[in-house]
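# Working through the structure, step by step
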Amino acid sequence: GAGVSQTPSNKVTEKGKYVELRCDPISGHTALYWYRQSLGQGPEFLIYFQGTGAADDSGLPNDRFFAVRPEGSVSTLKIQRTERGDSAMYLCASSFAGQVSGANVLTFGAGSRLTVL
Amino acid sequence: AQKITQTQPGMFVQEKEAVTLDCTYDTSDPSYGLFWYKQPSSGEMIFLIYQGSYDQQNATEGRYSLNFQKARKSANLVISASQLGDSAMYFCAMREITGNQFYFGTGTSLTVIP
């Protein structure tokens, strides 16, 4: 697609429920990132995919969070047993892979706002 | 230590004036990239400008320019001729050569006053 697409744009759930957030990156972008942004804060790194594999998942806060990208394109962030503290904007971004340069800047989606009641 | 520090939580600027948003960074990598993003109230992060650590000249993109001072580890964003549509959150970010992660600051909220 033309941009990074994230669904749903808004998700309200109850504490303890399971949630899936989907990201469809720009076609041709092999690098995919998930970030979490709390109100008034900057984006906080969660996980990075290069192709199908999670190359860096050091930002996942605990084992309730998991992400997959089975075919190297669409990615799903999965949160089990949600807690109120999980409420945030979840941002997905994609880029071309490679060395740091102006050619592989991150392009972000509009985000999925998660509210856990 | 914070990788990216933005010390101005909020800034105001008169329409048509220039404004500088501060950013300092911390890295021991010899090569890195610095980025600025704009986040309007709609929420989507919009890329503005990139500066490579080995670039000889300061980056410019239209009304945006980056005041890069490598020895001081600062990468301030300058917006010239401010417009009402520039009101937004602005985030500085860095990616190091040794990793793939982009580190973001806490942002600066810019308000342009008519």
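This structure is a prediction, so every number in the text was calculated from the model and none was measured.

### Considering the overall build of chain A
- Across its full length, chain A holds 0 helices and 11 strands.
- The linear arrangement of helices and strands in chain A, starting from the amino end, is β-β-β-β-β-β-β-β-β-β-β.
- Computed over C-alpha atoms, the radius of gyration of chain A comes to 14 Å, within 12% of the 13 Å expected from 2.2 N^0.38 for 117 residues, which places it in the range of a compact globule.
- Summarising its shape, the C-alpha atoms of chain A cover approximately 40 × 25 × 25 Å along the three principal directions.
- With 117 residues in all, chain A has 46% of them scored as buried.
- Contacts spanning at least 24 positions in sequence make up 54% of the contacts within chain A whose residues lie at least 6 apart.

### Remarks on the interface of chain A and chain B
- Opposite the 23 residues of chain A that make contact, chain B presents 19 residues.
- Roughly 1800 Å² is buried in total at the junction of chain A and chain B, and carbon and sulfur atoms are behind 59% of that figure.
- Of all residues in chain A, Val100(A), Val105(A) and Phe108(A) bury the most surface against chain B, accounting for 30% of the area lost on that side.
- In this structure, the connection of chain A to chain B is made through 0 salt bridges.
- Between the two partners, chain A and chain B, sit 4 residue pairs in polar contact (both at pLDDT 80 or more).
- The set of elements that each furnish at least two residues to the side of chain A that touches chain B consists of β4 (31-37) and β5 (44-50) of chain A.
- Looking at the side of chain A that touches chain B, the element that brings in the most residues is β4(A), giving 3 residues.
- Of the residues contributing to the side of chain A that touches chain B, the split by class is 11 nonpolar, 11 polar and 1 charged.

### Some words on the packing of aromatic side chains
- Applying the stated criterion to the full structure yields 14 aromatic pairs over all chains.
- Look at Tyr35(A) and Phe108(A): their rings are 6.3 Å apart centre to centre, the planes differ by 55°, and that puts the pair in the tilted class. Residue Tyr35(A) is found in strand β4, and its partner Phe108(A) is found in strand β10 (residues 107-108); the two are separated by 73 residues along the sequence.
- Of the residues examined, Tyr35(A) reaches a relative accessible area of 0% and is grouped as buried.
- Owing to a relative accessible area of 1%, Phe108(A) belongs among the buried residues under this scheme.
- Between Phe108(A) and Phe104(B) the ring centres are 6.0 Å apart and the planes differ by 75°, which places this aromatic pair in the edge-to-face class. Taken together, the residues Phe108(A) in strand β10 and Phe104(B) in strand β11 (residues 102-104) connect one chain to another.

How each quantity is defined
Residues numbered from 1 in each chain as written. Chains lettered and ligands numbered in written order. Predicted model: local features only at pLDDT ≥ 70, side-chain atom pairs only at ≥ 80, totals over all residues. Heavy atoms only, no water. Helix = DSSP H or I, 4+ residues; strand = E, 2+ residues; numbered from the N terminus. Rg over C-alpha atoms; globule rule 2.2 N^0.38 Å. Buried < 20%, exposed > 50% of the residue type's maximum accessible area, 1.4 Å probe, protein only. Contact = heavy atoms within 4.5 Å. Buried area = accessible area lost by both parts, 1.4 Å probe. Salt bridge = Lys/Arg side-chain N within 4 Å of Asp/Glu carboxyl O. Polar contact = N/O pair within 3.5 Å; in protein donor to acceptor, adjacent residues only side chain to side chain. Nonpolar A, V, L, I, M, F, W, Y, C, P; charged D, E, K, R; others polar. Phe/Tyr/Trp six-rings, centres within 6.5 Å; stacked < 30°, edge-to-face > 60°.

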